[in-house]
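Structural description and commentary
One-letter residues, chain by chain:
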Amino acid sequence: MTETGEPELTVYHRHLAQLPKREDGENFRALLGQARHITGKSYETNLYDHQQAFRLLWRHLERSGYLRRAHREARARLASGHVGPDERAELELFLTVYGQVHPSSVTGA
């Protein structure tokens, strides 16, 4: 906790510092890593810190257009059947979150 009682954002600040240095593919892998921490309840610091890091990465990738491309690629990759169980779980989690944020992309509207 900070002096003002706010949770420390160690993970968030680490990603904030690394964000401009990494390519979008690396930031996407970091996004999936944050999703694993959040859904698996395995926190380096606390849930709030990981949620803020996830939001930071999501917004960055959204603005760059990478998430739209990743969505198409994830659907194609899963349809190919050439994915292992861990990758399948990550891609399905991403598609679920993406579908909740962008429902029209799932319905084809």
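Please refer to the structure higher up on the page.
What comes next is a walk through the structure.

Things to note about the nonpolar core
Core analysis: the biggest nonpolar cluster contains 21 residues, and Phe28, Leu31, Trp58, Leu61, Leu67 and Phe94 have the highest contact counts within it. Mapped by element, the contributors of at least two residues to this core are helix H2 (24–40), helix H3 (47–64), helix H4 (66–80) and helix H5 (85–101). Setting aside its immediate chain neighbours within four residues, Phe28 contacts Leu61, Tyr66, Leu67, Ala70 and Phe94.

With respect to the pattern of salt bridges
Two side chains that carry opposite charge are able to pair once their charged atoms sit near each other. For the structure shown, the criterion picks out four salt bridges. Between Arg77 and Glu87 there is a salt bridge, with its nearest N and O atoms 2.8 Å apart. Of this pair, Arg77 sits in helix H4 while Glu87 sits in helix H5, and the two are 10 residues apart along the sequence. Judged by relative accessible area, Arg77 falls into the partly exposed class, the value being 35%. According to the relative accessible area criterion, Glu87 is partly exposed, its value standing at 27%. We note a salt bridge from Arg88 to Glu92, for which the minimum N-O separation is 3.5 Å. With a gap of four residues between them, Arg88 and Glu92 both fall in helix H5, about one helical turn apart.

Describing H4
With 15 residues, H4 ought to run about 21 Å at 1.5 Å a step, and its terminal C-alpha atoms sit 21 Å apart, in line with that. Residue Gly81 follows H4 closely and has a positive phi angle near 80°.

So, H2
Here H2 contains 17 residues, and its C-alpha end-to-end distance of 24 Å stays within 8% of the 24 Å for a straight helix at 1.5 Å per residue. Three or more residues of H2 are buried, namely Gly25, Asn27, Phe28, Ala30, Leu31, Leu32, Gly33, Gln34 and Ala35. Looking at the residues trailing H2, positive phi occurs at Lys41, about 55°.

Re the side chain of His50
When you line up the elements, His50 lands in helix H3. Looking at His50, the relative accessible area reads 0%, which means it is buried. Within the structure, His50 has its side chain in polar contact with the backbone nitrogen of Glu44 (distance 2.9 Å). Here His50 is in contact with Val11, Gln34, His37, Ile38, Tyr43, Glu44 and Thr45, once residues within four sequence places are set aside.

Criteria and cut-off values
- Numbering of residues begins from 1 in every chain and follows the order in which that chain's sequence is written.
- It should be noted that, the model being predicted, local features are given only for residues of pLDDT at least 70 and side-chain atom pairs only at 80 or more, the latter also being counted only at that level, while totals for whole chains, interfaces and linings use all residues.
- Values shown for side chains rest on all heavy atoms present in the structure; no hydrogens or waters enter the calculation.
- Definition used in this section: a nonpolar core is a set of buried Ala, Val, Leu, Ile, Met, Phe, Trp, Tyr and Cys residues joined via side-chain atoms within 4.5 Å.
- Each residue is assigned to one of three classes by its accessible area relative to the maximum for its type, calculated with a 1.4 Å probe on protein chains only: buried under 20%, partly exposed between the two thresholds, exposed over 50%.
- Secondary structure elements are defined from DSSP: runs of H or I of at least 4 residues count as helices, runs of E of at least 2 residues count as strands, and each element is numbered from the N terminus.
- By definition in these notes, contact holds between two residues if any of their heavy atoms fall within 4.5 Å.
- Salt bridge, as used here, is a side-chain nitrogen of Lys or Arg placed within 4 Å of a carboxyl oxygen of Asp or Glu.
- A helix is expected to reach a length of 1.5 Å times the quantity of its residues less one.
- Within 3.5 Å is the distance limit for a polar contact, defined as a pair of N or O atoms, with the added protein rule that one can donate a hydrogen and the other accept it, and that residues adjacent in sequence qualify only through two side-chain atoms.

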